[in-house]
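# Notes for the structure review
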Amino acid sequence: MTLHDMEVWITKLDLKPHPEGGFYKQTFLSEERITDKELSVRFNGTRRLYSSIYFLLTDKNISHFHRLKSDEVWYYHGGSSFTVHVIHENGEYRKYKLGLNLEKGEVPQAIVPKNAIFGSTVEESDAFSLVGCMVSPGFEFEDFELLTQDDLLIQFPEHEDIIKKLAYEVLPA
C-alpha cells in the first residue's frame with residue numbers, strides 16, 4: 001500500500017488526529033455499562049463494557065508511551081506490519097509485531113494488559129498500518145495517561161533506548 005492509499009483510508013474512514021500520535025475513529029461503544037466495584041482498577045462513575053476504534057499510524061509518527069486502566073486488544077487490518085512496544089507492570093519489556101507474515105513472527109492480534117505502558121511504531125519506510133483496538137472496560141480519556149521520559153527512566157532505567165524513542169521529553173501543552 002502506498003502513502004496515497006493511506007490518504008484514502010484516512011478520508012474514507014473519517015479518521016482524525018489522535019493525541020498520542022496517528023489517526024483514529026471510534027467505531028463502536030457498548031450500550032452496557034459497568035462500575036469499578038466489579039474490577040481491580042478504580043475509576044469514577046461507570047464505563048462502557050468495551051469500545052472499539054480504527055487506528056492508523058505511519059512511519060513518520062509514533063504512538064507515544066501511555067497507560068490505560070483497561071485491557072486493550074489490537075487487531076491488524078492492513079498496510080505495513082505494526083509494532084506494539086509494552087513495558088509490563090513487572091518491568092518486563094516485550095514487543096508484538098502485528099501483521100500477517102507468520103513466518104517472520106508477526107501475529108494478527110495482541111493484548112496489552114491494563115496498567116501496562118505501551119506505544120507503537122511502523123518501522124518500514126514510507127509506510128502505514130491500519131489496526132483496530134478494542135478496550136475493556138471502554139476507553140475514556142480520563143483513564144488515559146501520557147508518560148514522560150523522566151517518569152519512565154526513574155522507574156525503568158534498563159529500558160532507556162525504547163523510552164527515549166517512544167516517550168515525550170515533556171508532555172505536549
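Look a little higher up for the structure.
Counting restarts for each chain: residues are numbered from 1 in the order of the written sequence. Side-chain atom pairs in this predicted model are given and counted only at pLDDT of 80 or more, local residue features only at pLDDT of at least 70, and totals for whole chains, interfaces and linings cover all residues. Hydrogens and water are ignored here; the side-chain numbers use all heavy atoms of the structure.

### Quick look at the overall build of the chain
For clarity, the cut-off: Per the convention used, a helix needs a DSSP run of H or I reaching at least four residues, while a strand needs a run of E reaching at least two, with both numbered from the N terminus. It is over C-alpha atoms that the radius of gyration is taken, and the globule rule equals 2.2 Å times the number of residues to the power 0.38. Between buried and exposed lies partly exposed: a residue is buried under 20% and exposed over 50% of the maximum accessible area for its type, with that area taken using a 1.4 Å probe on protein chains only. In short, Shrake-Rupley with a 1.4 Å probe defines the accessible areas, and a residue's cover is counted only from the protein chains shown. In this tally, Lys and Arg are treated as positive and Asp and Glu as negative; His is ignored, and so are the chain termini. A single reference atom marks each charge: NZ on Lys, CZ on Arg, CG on Asp, CD on Glu.
In terms of regular secondary structure, the chain is built from three helices and 13 strands. Expected size for 173 residues packed as a compact globule is a radius of gyration near 16 Å; at 16 Å, the chain falls within 12% of this value. Counting all 173 residues of the chain, 47% fall into the buried class. For the chain, the accessible area works out to roughly 9300 Å², and carbon and sulfur atoms hold 51% of it. Between the averaged position of the 18 positive side-chain charges in the chain and that of its 28 negative side-chain charges there is a distance of 3 Å.

### Focus: the layout of surface pockets
Cut-off, in case you're wondering: Cavities and pockets are defined on a 1 Å grid built over the protein atoms alone: a cavity is a set of grid points where a 1.4 Å probe fits but cannot escape, while a pocket is an open set with protein on both sides within 12 Å along at least five of seven lines, and lining residues are those with an atom within 4 Å of any such point. Grid points are joined across faces, edges and corners, and a volume is the space filled by probe spheres set on the points. Put simply, Ala, Val, Leu, Ile, Met, Phe, Trp, Tyr, Cys and Pro go in the nonpolar bin, Asp, Glu, Lys and Arg in the charged bin, and everything else, Gly too, in the polar bin.
Roughly 200 Å³ of internal volume is contained in the largest pocket. Lining the largest pocket are 18 residues, with His18, Ile53, Glu72, Val135 and Phe139 sitting closest to its centre. For the lining of the largest pocket, the secondary structure elements donating two or more residues are strand S2 (23–29), strand S5 (51–58), strand S6 (63–68), strand S7 (71–79) and strand S12 (128–136). Broken down by element, the lining of the largest pocket gets its largest block of residues, four residues, from S5. Among the residues forming the lining of the largest pocket, the class breakdown is eleven nonpolar, five polar and two charged.

### Brief notes about the sheet that holds S5
Test applied: Following DSSP output, two strands are said to pair if at least two bridges run between them.
Here we have six strands laid out as an open sheet, ordered S1-S2-S5-S12-S7-S10, and antiparallel in their pairing. Both outer strands of the open sheet, strand S1 (16–17) and strand S10 (109–112), are each paired with one neighbouring strand and no more. Bridge count for S1 against S2 is two bridges, and the pairing is antiparallel. If you follow Pro17 over to S2, its bridge partner there is Phe23.

### Regarding the nonpolar core
Quick note on the threshold: Nonpolar cores are built from buried Ala, Val, Leu, Ile, Met, Phe, Trp, Tyr and Cys residues. Side-chain atoms within 4.5 Å join them into one set. Note on contacts: a residue pair qualifies if any of its non-hydrogen atoms lie within 4.5 Å across the two residues.
Of all hydrophobic cores here, the largest spans 23 residues; its most connected members are Phe55, Trp74, Phe82, Val84 and Leu98. Elements represented by at least two residues in this core include exactly S5, S7, strand S8 (82–87), strand S9 (93–98), S10, S12 and strand S13 (144–146). In contact with Phe82, other than residues within four places in its own chain, are Phe55, Leu57, Trp74, Tyr96, Lys97, Leu98, Ser120, Thr121, Val122, Ser129 and Val131.

### Digging into the side chain of Glu106
For the record, the criterion: A pair is scored as a salt bridge if a Lys or Arg side-chain nitrogen falls within 4 Å of a carboxyl oxygen belonging to Asp or Glu. We call two N or O atoms a polar contact when they sit within 3.5 Å, provided that within protein one can donate a hydrogen and the other can accept it, with sequence-adjacent residues counted only if both atoms are side-chain atoms.
Assignment of secondary structure puts Glu106 in the loop between S9 and S10. Buried within the structure, Glu106 lacks any salt-bridge partner; Lys97 is the closest side chain of opposite charge, at an N-O distance of 5.7 Å. There is a polar contact of 3.1 Å between the side chain of Glu106 and the backbone nitrogen of Leu100. Within polar-contact distance, the side chain of Glu106 engages the backbone nitrogen of Asn101 at 2.9 Å.

### Some details on the sheet that holds S13
Applied cut-off: Here an angle of 0 to 180 degrees is reported between the N-to-C directions of two axes, which are lines fitted to C-alpha atoms, with helices fitted over the stretch in contact.
Pairing is antiparallel across the open sheet formed by five strands, whose spatial order is S9-S8-S11-S6-S13. Either end of the sheet is taken by a strand with one partner, and the two such strands are S9 and S13. Looking at each pair of strands side by side, their axes are set apart by 30° on average, direction ignored. Note that S8 and S9 share six bridges and pair antiparallel. Counted as the bridge partner of Thr83 is Lys97 from S9.

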